[in-house]
Amino acid sequence: MTAGAAFSLPALLGAWIDGRPCAGDGEQWPVFNPALGRPVSVLAESSASQVDAAVKAAVTAFERGPWPRASVEHRQGVLRAIQAQLLRHAEELAWLECQNTGIVLRELRQRHLPRAAANFGFFADYIGQSAGQVYRQTPGYTSTVVREPAGVAALISPWNAPVALSSMQIASAIAFGATCVVKPSEQSPLAVLRMVELMHEAGLPPGVVNLVNGRGPLTGEALVAHPDVRRVCFTGGTETGRHIMQTAAGHLAPCTLELGGKSANIVFESADLGRALDGALLGIFSNNGQQCLAGSRILVQRSVFDDFVERFVERARRLRIGDPMDEATELGPLASQAQLQRVLRYAALAREEGGRVLTGGAAIPALGPGFYAEPTAVLVPGNACRVAQDEIFGPFATLLPFDGVEDALAIANASRYGLVSYVWSDHLPTVTAMTEGLRTGVVWVNTPMTRELRAPFGGFKESGVGRQGGAACEAFFTEEKVVTVPIVPPVLRRLGGQ
Ligand code: NAD
């Protein structure tokens, strides 16, 4: 079944500043539909001066607007209204996101959009329960720690899950009273801009959420470098994150960076191998293989390696590839021509490095001009080769055998990344040894990705700085202030007195 084109695409996209749409004032760039391989809209970029206007709107809303001063009940009401509005328009947002990213519509409907709406509900609940601290240890004094919104936040997101990732950044910033300027990826602005519009229809005051569109080194750079930006929340590639942190250091704006990964999916002989196989396929091929937490290095215990790999390859070959709007599709196109070329280059590199491409490694011209790549599985000669070390960000799995827990840990941890890891085993001592030894921010045991919003999410090593989640976002988007009051007036030394 193919969903009908019941919604329309904007001909030209610009910015959203102070509660209103606003034409971009910079260069114009095509916005692609990756399934068609051609532009379907045009983005007018925001120049540095428009970025400045967006930040100024956020500063005004922060310093003089109602939002940072609103009661928790009021903010909760608006966040819940946004949640309801996003759910009412979920079909439209999923359609826009599908047109722009090639993510399969079914995944958008089942995972991304419910999650985007739930982010607002989650933070509405969270702010109703958060508490402060009181210290009474110093005799005669009470010191209270209060948290105040931090100011204007820059929220920068990538193209691989635009609405799901931007909604998390926005909900977590505004729930605590911050105001913000959002910059989606220049590749995938469609659904994020519509989401911001819907948030205003739901009752968000002007200036709290502003949005600029444009390329990273221009629009993004102007935003991060803006001296009035007090927080930078970035999701994207590791090299970009490194650069952003340096830029933000210029005015000492704290950053959270959710970056890349090359996560190990580790299958022991003691696992339920059928479930481990399902999990491994989901781990690398869902979201068209373009996700930070993909289980892209599949490590399998040697005793079951050959059998597991054979079944993995057989299933990968049977994946239904095609139109992401089609309910039956399991793998859509890659998000851009550049991403397709990247995957093809890594298939060639795998052969050069002595790897065996067991399946895939080519584009699929039979599917038309869209950016389709075959699901790819490569037997690598060792963990040190580049295809096992670099984040490829596509439907590209590397397969490698291991011998026992120590070997599995050594291979899994030999990576500059440390975002997530997956362990498949029903043997408790094995699971315990693995969860203790893995150097990643999240370890999923016998399950594919399952995000617990209450818990901190983020990476070790070059996968990130800081965490997202209830308490982690509260700490990041607020400043702590200590108010010390004497219980009885203290005796004061009378300087200069008689
Ligand atoms: P990217 O780093 O190229 O771009 C991300 C965003 O940063 C875009 O909006 C881009 O315009 C902007 N940007 C680029 N240069 C900038 C600059 N100098 N200043 C300010 N902004 C700038 O990443 P991408 O290719 O869009 O996304 C893929 C990457 O994102 C992958 O590495 C993936 O692992 C990572 N990712 C991480 C997570 C996570 O939670 N850890 C989630 C999703 C994606």
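Since the structure is predicted, the reported quantities are computational estimates derived from the model, not experimental observations.

1. Thoughts on the sheet that holds strand β19 (residues 420–424)
On the basis of which strands lie adjacent, the open sheet formed by seven strands has the order β15-β16-β17-β14-β13-β19-β20 and mixed pairing. Only two strands of the sheet have a single partner each, and these edge strands are β15 (356–359) and β20 (442–445). When strand polarity is set aside, the average angle formed by the axes of neighbouring strands in this sheet is 25°. When strand β14 (residues 297–301) meets strand β17 (residues 396–402), the two strands line up parallel, connected through five bridges. Bridge pairing in β17 links Leu 299 to Leu 400.

2. Notes on the domain arrangement of the chain
Partitioning the chain into structural domains gives domain 1 (2–259 + 463–483) and domain 2 (264–445). Placing the centre of domain 1 and that of domain 2 at their C-alpha centroids yields a distance of 31 Å. With 29 residues of domain 1 at the contact, the number on the domain 2 side is 30 residues. Summed over both partners, the interface of domain 1 with domain 2 buries about 2300 Å², with 51% contributed by carbon and sulfur atoms. For domain 1, the biggest contributors to the area lost against domain 2 are Arg 106, Trp 159 and Ser 463; these three give 22% of the whole. Counting across the domain 1 and domain 2 interface gives two salt bridges. Among the salt bridges present, the one from Arg 109 reaches Glu 327, with a minimum N-O distance of 2.3 Å. Joining domain 1 to domain 2, the criterion identifies twelve residue pairs in polar contact (both at pLDDT 80 or more). Among the elements of the structure, α3 (90–101), α4 (105–127) and α8 (238–249) are those that each provide at least two residues to the side of domain 1 that touches domain 2. With six residues, α4 is the single largest residue contributor to the side of domain 1 that touches domain 2.

3. Notes on the sheet that holds strand β1 (residues 12–13)
Within the open sheet, the three strands sit side by side as β1-β5-β4. Their pairing is mixed. Edge positions in the sheet fall to β1 and β4 (28–33), since each of these pairs with one other strand and no more. Inspection of the sheet shows β1 paired to strand β5 (residues 38–44) by two bridges, in the parallel sense. Bridge pairing in β5 links Leu 12 to Val 42.

4. Remarks on unusual backbone geometry
Even without a glycine there, the phi angle at Asp 18 is positive, about 55°. Here Asp 18 lies in the loop between β2 (15–17) and β3 (20–22). Phi at Lys 461 takes a positive value of approximately 50°, unusual for a residue other than glycine.

5. Describing the site of the ligand
Taken together, 30 residues lie around the ligand, and Ser 157, Glu 186, Thr 240, Leu 259 and Glu 391 are the ones closest in. Contacts to the ligand include Glu 186, whose side-chain N or O atom sits 2.6 Å from an oxygen atom. One nitrogen or oxygen atom from the main chain of Leu 259 is found 2.7 Å from a nitrogen atom belonging to the ligand. Considered on its own, the ligand offers 850 Å² of accessible surface; in the complex 88% of this is hidden by protein. Looking at the shell around the ligand, the elements that each hand over two or more residues are α7 (216–224), β11 (229–235) and α8. No other element matches α7, which puts five residues into the shell around the ligand. Here the residues of the shell around the ligand are counted per class, giving 14 nonpolar, eleven polar and five charged.

6. Some points on helix α15 (residues 470–477)
Gly 470, Cys 473, Glu 474, Phe 476 and Phe 477 are the residues of α15 that are buried. Viewed end-on, α15 has its buried residues packed into an arc of 170°, placing them on one side of the element.

7. Thoughts on the packing of α3 against α4
How two helices sit against one another is set out by the angle between their axes and by the gap between those axes. The N-to-C vectors of α3 and α4 enclose an angle of 125°; their axes lie 9 Å apart at closest approach. Considered as vectors, α3 and α4 are oriented oblique to each other. Classified by chirality, the crossing of α4 by α3 is right-handed. Counted together, Ala 90, Glu 91, Leu 93, Ala 94, Trp 95, Glu 97 and Cys 98 of α3 and Leu 105, Leu 108, Arg 109 and Leu 113 of α4 form the full contact between these two elements. Per-class residue counts for the contact of α3 with α4 are eight nonpolar, no polar and three charged.

8. With respect to the pairing of strand β16 (residues 376–379)
As paired strands, β15 and β16 are joined by three bridges and run antiparallel to one another. Directly across from Val 357, in β16, lies its bridge partner Val 378. One ladder, built from four bridges, connects β16 with β17; its direction is parallel. Note on β17: the bridge partner recorded for Ala 377 is Ala 397.

9. Comments concerning the pairing of strand β9 (residues 179–183)
With five of five residues buried, β9 is to be regarded as a mostly interior element. Bridging between strand β8 (residues 152–156) and β9 involves five bridges; their strand directions are parallel. Directly across from Ala 154, in β9, lies its bridge partner Val 181. Between the parallel pair β8 and β9, the chain is carried across by helix α5 (residues 162–175), and the sense of this crossover is right-handed. Relative to strand β10 (residues 209–211), β9 runs parallel, the two being bridged by three bridges. Looking at the pairing, Val 181 lines up with Asn 210 of β10. Once the chain exits β9 it traverses helix α6 (residues 190–201) before rejoining the sheet at β10, and the crossover so formed is right-handed.

Criteria and cut-off values
Residues numbered from 1 in each chain as written. Predicted model: local features only at pLDDT ≥ 70, side-chain atom pairs only at ≥ 80, totals over all residues. Heavy atoms only, no water. Pairing = 2+ DSSP bridges. Helix = DSSP H or I, 4+ residues; strand = E, 2+ residues; numbered from the N terminus. Axes fitted to C-alpha atoms, helices over the stretch in contact; angles between N-to-C directions. Domains from an automatic or database assignment. Contact = heavy atoms within 4.5 Å. Buried area = accessible area lost by both parts, 1.4 Å probe. Salt bridge = Lys/Arg side-chain N within 4 Å of Asp/Glu carboxyl O. Polar contact = N/O pair within 3.5 Å; in protein donor to acceptor, adjacent residues only side chain to side chain. Near = heavy atom within 4 Å. Areas by Shrake-Rupley, 256 points an atom, 1.4 Å probe, with all protein chains shown as cover. Nonpolar A, V, L, I, M, F, W, Y, C, P; charged D, E, K, R; others polar. Buried < 20%, exposed > 50% of the residue type's maximum accessible area, 1.4 Å probe, protein only. Arc of directions from axis to C-beta. Parallel < 35°, antiparallel > 145°, perpendicular 65-115°, else oblique. Left-handed = near helix turned anticlockwise from the far one by under 90°. Right-handed = clockwise from strand over helix to strand, strands pointing away.

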